[in-house]
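Below, each chain spelled out in residue letters.
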Amino acid sequence: MTYDIIVVGAGVVGLAHAYAAAQRGLRVLVIERDAACAGASVRNFGFVTVTGQRAGAHWQRAMRSRELWAAIAPQAGIEVLHSGLWLAARRPAAHAVLEAFMQTEMAPGCELLTPQAAAARHPALRTAGLQSVLYSPHELRVESRTAIPRLARWLAEAHGVDFRFGEAVLEVAPPRVRTVRAAYAAERVVVCTNADPGSLYAPEWAAHGLRQCQLQMLRVRPQAGFELKGSVMGDLSLVRYEGYSALEPARALRERLQNEEQESLAHGIHLIVVQSADGSLVVGDSHHYGMPGGPAPAPFAQERVDALILRHLCEALQLTEASVVERWVGTYPVSPAEPCIVQAPDDATRLVAVTSGSGASTALGLAEEVLSTW
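Here the structure is a predicted model, which means the values were calculated and not measured. (Residues numbered from 1 in each chain as written. Predicted model: local features only at pLDDT ≥ 70, side-chain atom pairs only at ≥ 80, totals over all residues. Heavy atoms only, no water.)

Q: What is the right way to look at the packing of aromatic side chains in this model?
A: Aromatic rings in a pair are described by how distant their centres are and how their planes are angled relative to each other. A complete count under the given rule lists four aromatic pairs for this structure. With a centroid separation of 4.6 Å and an interplanar angle of 50°, the aromatic rings of Trp86 and Tyr135 are classed as tilted. One end of the pair, Trp86, is in strand 4 (residues 82–89); the other, Tyr135, is in strand 6 (residues 132–141), and 49 residues separate them in sequence. For Tyr135, a relative accessible area of 14% translates into the label buried. Just above the ring of Trp374 sits the side chain of Arg188; from NZ or CZ to the centre is 5.1 Å. Taking the ring centre of Tyr289 as reference, the NZ or CZ of Arg211 above it sits at 4.5 Å. (Phe/Tyr/Trp six-rings, centres within 6.5 Å; stacked < 30°, edge-to-face > 60°. Helix = DSSP H or I, 4+ residues; strand = E, 2+ residues; numbered from the N terminus. Buried < 20%, exposed > 50% of the residue type's maximum accessible area, 1.4 Å probe, protein only. Lys NZ or Arg CZ within 6 Å of the ring centre and 35° of its normal.)

As structure tokens, then:
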């Protein structure tokens, strides 16, 4: 069978392109080397993050992706577990960053709350000693481990997208794509393999100076009845997310954090907490980087890093119990310059990667852009 478009990779970026193509009435084939999606797309928070993304096109991409997630989720049987973001500012310098953020074009819909107001609306927050809390209504949280396979199944059942799992692609030479099992024909091909340095188009990706980032994450069991009203972040997030860190007051916050949280900064830690349907908390994360063009750091989690993440968790929330029930690592590519990269090695091929750890947050919007300009 000849397809209009073949998508290589069934992670969130690949599925986003399959959806965008199917919406245009195209015949779509998705080829995935693993038996199921097992990479970065299922090892993250399932956190569709809008507030804090890089200002401009990337933030707009996140807003569009959030809109699409909200429309797709009920159709695909994907539960939105909670919505909204609560970013707690503990230091005066962090409060200054939030004040500056509220003056940007990204602030509409957001609120800067007093600790007392935040405590009344979200009792799970530990508000003693806080300066303020930014509330954003834009964020969504899905369970990525189930959301990604459900999205794939829905694309197959409702949109006629064909899938070939457990089939590594050996060569892309449109109109032919050759795998370990067969050859397929398509007018166009989108390669969404997470810029794997040992995979397809490695030289093209190497030219961008990409590094592989490895993160540590935890699943934590809180006390019975504990409930988050939305995702939670803290001061360290303000010097990592570019929508905040690019603001002038972030410089003073970083200087203070370098004095007070030097070890956490060295491990690239910033707190994100979301809640699953079973009440457990997904908590993270850290960031350790490989060499440009090379593999990720050694795939071994450090107990000290987990301990630091757990300390930040307990400082942020009203927890009387926090038992770790699961640990894992994730990997994604990072660009020194761009939050996403789209390359065109020829007229019929596009190479697409989200290079900022924001695939769940921006891929649906990015895929629309790629298809609309091709």
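Q: I'm lost on the environment of Trp328 in this one. Help?
A: Within the secondary structure layout, Trp328 lies in strand 16 (residues 322–334). Counting along the chain gives 28 residues from Trp328 to Phe300, while the straight-line C-alpha distance between them is 9.3 Å. Beyond its immediate stretch of four places on either side in the chain, Trp328 contacts Arg43, Arg145, Leu215, Gln216, Met217, Leu218, Arg219 and Val282. Of the polar contacts made by the side chain of Trp328, one reaches the backbone oxygen of Arg43; its length is 3.0 Å. (Contact = heavy atoms within 4.5 Å. Polar contact = N/O pair within 3.5 Å; in protein donor to acceptor, adjacent residues only side chain to side chain.)

Q: Looking at this structure, I do not really get the pairing of strand 10 (residues 183–191). What am I missing?
A: Each regular strand carries side chains that alternate between the two faces of the sheet. Pairing geometry for strand 1 (residues 2–8) and strand 10, over six bridges, is parallel. Residue pairing across strands places Thr2 opposite Ala185, the latter belonging to strand 10. Here strand 9 (residues 176–179) runs beside strand 10; their pairing, made up of three bridges, is antiparallel. The residue of strand 10 that forms the bridge with Arg178 is Ala183. Turn length for the strand 9-strand 10 hairpin, with the two strands adjacent in sequence and antiparallel, is three residues. Direction of pairing for strand 10 relative to strand 18 (residues 349–354): parallel, over a ladder of three bridges. Directly across from Val191, in strand 18, lies its bridge partner Leu351. (Pairing = 2+ DSSP bridges.)

Q: Help me out: how do you make sense of the domain arrangement of the protein in this one?
A: You'll often see interface size given as the accessible area lost when the parts meet. If you check the domain split of the protein, you get domain 1 (1–46 + 143–208 + 335–373) and domain 2 (81–140 + 211–333). On the side of domain 2, 23 residues touch domain 1, which itself brings 15 residues to the contact. Carbon and sulfur atoms supply 55% of the area buried between domain 1 and domain 2, which totals about 1400 Å² over both sides. In this structure, the connection of domain 1 to domain 2 is made through two salt bridges. A salt bridge links Arg145 to Glu326, with the nearest nitrogen and oxygen atoms 3.1 Å apart. For the side of domain 1 that touches domain 2, a count of residues per class yields five nonpolar, seven polar and three charged. (Domains from an automatic or database assignment. Buried area = accessible area lost by both parts, 1.4 Å probe. Salt bridge = Lys/Arg side-chain N within 4 Å of Asp/Glu carboxyl O. Nonpolar A, V, L, I, M, F, W, Y, C, P; charged D, E, K, R; others polar.)

Q: What should I look at first to understand helix 10 (residues 303–316) in this one?
A: Since the α-helix packs 3.6 residues into each turn, any two residues three or four apart lie on the same face. Here helix 10 spans 20 Å end to end across 14 residues, near enough to the 20 Å set by a 1.5 Å rise per residue. Where helix 10 is concerned, the buried positions are Val305, Asp306, Leu308, Ile309, Leu310, His312, Leu313 and Ala316. (Expected span 1.5 Å × (residues − 1).)

Q: Can you help me understand the nonpolar core in this one?
A: Of all hydrophobic cores here, the largest spans 46 residues; its most connected members are Val28 and Leu155. Those elements that place two or more of their residues in this core are strand 1, helix 1 (12–23), strand 2 (28–32), helix 2 (57–76), helix 5 (144–159), strand 18 and helix 11 (359–372). Those residues within four positions of Leu155 in sequence are excluded, and the remaining contacts are Leu15, Ala18, Tyr19, Gly160, Val161 and Phe163. (Core = buried A, V, L, I, M, F, W, Y, C linked by side-chain atoms within 4.5 Å.)

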